[in-house]
Amino acid sequence: MTGRSPAEPPPDPSGRGYDPRSGRDWHPVEEDVPGVSDHEPVGLRERLSLNRTGTFDWDLDRGCMALDPGAMEVFDLRPDEYDGAPMSLIPRVPPEEGLRLDEALSQALEDGHPSYGAYFRVHCRDGSRRWTHSQGRILHDADGRPYRVIGIVREATSELADSALLRSLQQDRRRQTVMVQQTTAALARALSVRDVTRVLGGTGGARRFGADGLVLGLVENDRFKVIATAGLEGEVPEEMITSRLDDTLPLADAACSRRPAFLSTRGELIARYPRLRPYTALLPTGSAAFLPLVAQDTVIGALGLFNAEPAVQSQEARNLALALAGVVAQSVQRATLFDQEREFATGLQETMLPRRLPAIAGGAVTVRYHPAGVGRDVGGDWYDVIALPQGRVGLVVGDVQGHDTHAAAVMGQLRIALRAYAGEGHTPETVLVRASRFLAELDTERFATCTYVQADLQSGALHVARAGHLGPLISDSSRHIDWPEVCGGLPLGLATTFGHDHFPETQLFLEPGSTLLLCTDGLVEQPGQDICAGLDALSAAVRDGPADLEALADRISDRLWADPGSEDDMALLLLHRLPGPGGADATPRLRLHVHQADPQGAAEVRSALRRTLDQWRAGGVLHNVEVAASELIANALTHTESGALITVELLPGAPRRIRLEVEDRSSRWPRRRSPGETATSGRGLMLVEALADRWGAEPRGAGKALWCEFVAPEEPDAAR
């Protein structure tokens, strides 16, 4: 082969001296086009063929299309593969590309344009695809009727390498990738079948699959049941929710045959499944895909995707739909197994909780228990209501460490042991001491928190012991909320291990018409939030809740546990003391007991007094009541051999009065003394007389009570 060098340009016939090779490097190439020499003239067809371009002549009346050799090469057809009919191009032009060509020609005919053009892809013999461009001139007869189309087809792969169309295709691929990622991520967080239906049937559920509507159904006992829909015009008819596994409905057919179905229009769908004809208005007008859900070679359901626009789905779109169906199948199978395991675990735990609550004379009790809102494992929360001798009742709420079946097993053993100790009539402290030792001897690393209340509803006395657990809440008949300070010890098990198995009792009083609440931390604790916020929310829920005990329990559990979607399990117990024959006592009252051997008792009483008097808006007399209470308690503990029972009441009427009583079991009457300047005692009653508006002493059976009254300021609302 010989060639001219860049320094030797060919003669310039025009004399203008332009040569595209001038000043540029070029590479010698051996020409592979036969019959073309340096100076041989090249005809029109050869010129077109050299540029991968061919022509066609389409006779619309006769329905035949002539292709020249260049066009045959563009379509990658041999002469024996084309008979002149346009339908012979189907092996090379996929249906979705044929629709694109047909739409371009139809739009030109409808608008009266003399020409049209469209890009489309050709499926080559070797399996590759090449971009092609077709441009045609529409010829019309004397009446203006189109009768012939003459045009060209050319290979356009290089032309479209950086075109907007390819960029659009790249964007589609990126969109499909994002779609798969988002769908996979959303379903990865779905643990139960209910979670899966929430993802698919919720807002944007169908869009995650690039569709306008969606229907999901599962195979259940040789039946097909629809469990989720999205994007449809209305609800699925009741008779279509559950159907037989046969070929009369598309989803059941896909599940039964294990084959996907891709339909271009709603008409094609109804023609194939005539049973859908009465529900035409419910179905979108466009294309549809029905995909079997197969996991581990087992058909578990089917997924239906609907589009508003008719379309022949490309192979890429079909592959994407099948891939997403596989993701859904795996998620549904995993969720089904999760539901089965969770049902077994929660059923096991529920058998460990009491099935029936004993009848309570003078009161009513209700409980609520909910397993964890998320997660496979169950927890160790429990409650119990125990009938005790002499008409008393034992109330227990506790929580074993951990959220697994081991925690539930420990809970069951501990509940039975604690119930046995309480049934023997032991004091709350003794019950918790024995329960702690029992748990320590179980040879488990788990500990448990617990609150045990021994209630006597006839007198209203509550004896409370606490082991690392939340204390009780008390709401009186006027909806005053109080969190009384209750002495406590370490959690059960740990207390024995560390040698501190001491659980001091606190005595409280439940007035007629009042309600006692015990709960576990799952009701008031949310991840990332201060537990104080949960306690405040619980106080507000009780204060503003309904009067009926069952309705109140539902309100509390729904508002504080179900609605936020707590991740922890929850136990709630409510005890209501019924009003006496005369109706509920509306007088706000606080009763506390101080043991003679408890040096911290007086301080705890003062703290409870401050909190209660602040609720009553005692104002300036708060300090006087606190000082008087300290002196009277000190007298009772110093000069008698018993503890002291403290009662504070807000008396009705005007003016408002606060009455303080300190009762002991000594029959010795108090004596007011006149101590000298250097005396270190004897001024208690003098202080009471100086601070109180009235004071006195009353006999009380085996003992006496010292009382004093203080005039409280008017409430702001009353003053206005």
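What you see is a predicted model, and the numbers here were worked out from it, not measured in a lab.

A. Summary view of the pattern of salt bridges. Under the criterion given, the structure shown has 26 salt bridges. Its salt-bridge partner being Arg368, residue Glu550 comes within 2.8 Å of it at the nearest N-O pair. Taken together, the residues Glu550 in helix H14 (residues 549-562) and Arg368 in strand S12 (residues 363-370) connect sequence positions 182 residues apart. Between Arg610 and Glu626 there is a salt bridge, with the nearest N and O atoms lying 2.6 Å from each other. Of this pair, Arg610 sits in helix H15 (residues 601-615) while Glu626 is found in helix H16 (residues 622-639), placing the two residues 16 residues apart along the sequence.

B. Examining the sheet that holds strand S7 (residues 223-230) more closely. If you walk across this open sheet you meet the six strands as S8-S7-S6-S11-S10-S9, and the pairing is antiparallel. The strands lining the two open edges of the sheet, one partner per strand, are strand S8 (242-244) and strand S9 (261-263). On average, adjacent strands in this sheet sit at an angle of 25° to one another, irrespective of strand direction. Taken together, the eight bridges between strand S10 (residues 288-295) and strand S11 (residues 298-306) define a ladder with antiparallel strand orientation. Bridge assignment links Val294 to a residue of S11, and that residue is Val299. Lying over the sheet, helix H5 (residues 193-201) contacts strand S6 (213-220) and S7, oriented at roughly 50° with respect to S7. Contacts between helix H7 (residues 250-257) and the sheet are confined to S6, S7, S8, S10 and S11, with S11 contributing the most and set at about 145° to the helix.

C. Local environment of the packing of H15 against H16. Relative orientation of the contacting elements H15 and H16 amounts to 155°, with a least axis distance of 10 Å. It follows that H15 is roughly antiparallel to H16 by the angle criterion. As H15 packs across H16, the resulting crossing turns out to be right-handed. Between H15 and H16, the contacting residues are Ala602, Val605, Arg606, Leu609, Arg610, Leu613 and Asp614 on the first element and Leu622, Val625, Glu626, Ala629, Ser630 and Ile633 on the second. Each residue belonging to the contact of H15 with H16 can be placed in one class, and the counts come to eight nonpolar, one polar and four charged.

So, how was this worked out
- Residues numbered from 1 in each chain as written.
- Predicted model: local features only at pLDDT ≥ 70, side-chain atom pairs only at ≥ 80, totals over all residues.
- Heavy atoms only, no water.
- Salt bridge = Lys/Arg side-chain N within 4 Å of Asp/Glu carboxyl O.
- Helix = DSSP H or I, 4+ residues; strand = E, 2+ residues; numbered from the N terminus.
- Pairing = 2+ DSSP bridges.
- Axes fitted to C-alpha atoms, helices over the stretch in contact; angles between N-to-C directions.
- Contact = heavy atoms within 4.5 Å.
- Parallel < 35°, antiparallel > 145°, perpendicular 65-115°, else oblique.
- Left-handed = near helix turned anticlockwise from the far one by under 90°.
- Nonpolar A, V, L, I, M, F, W, Y, C, P; charged D, E, K, R; others polar.

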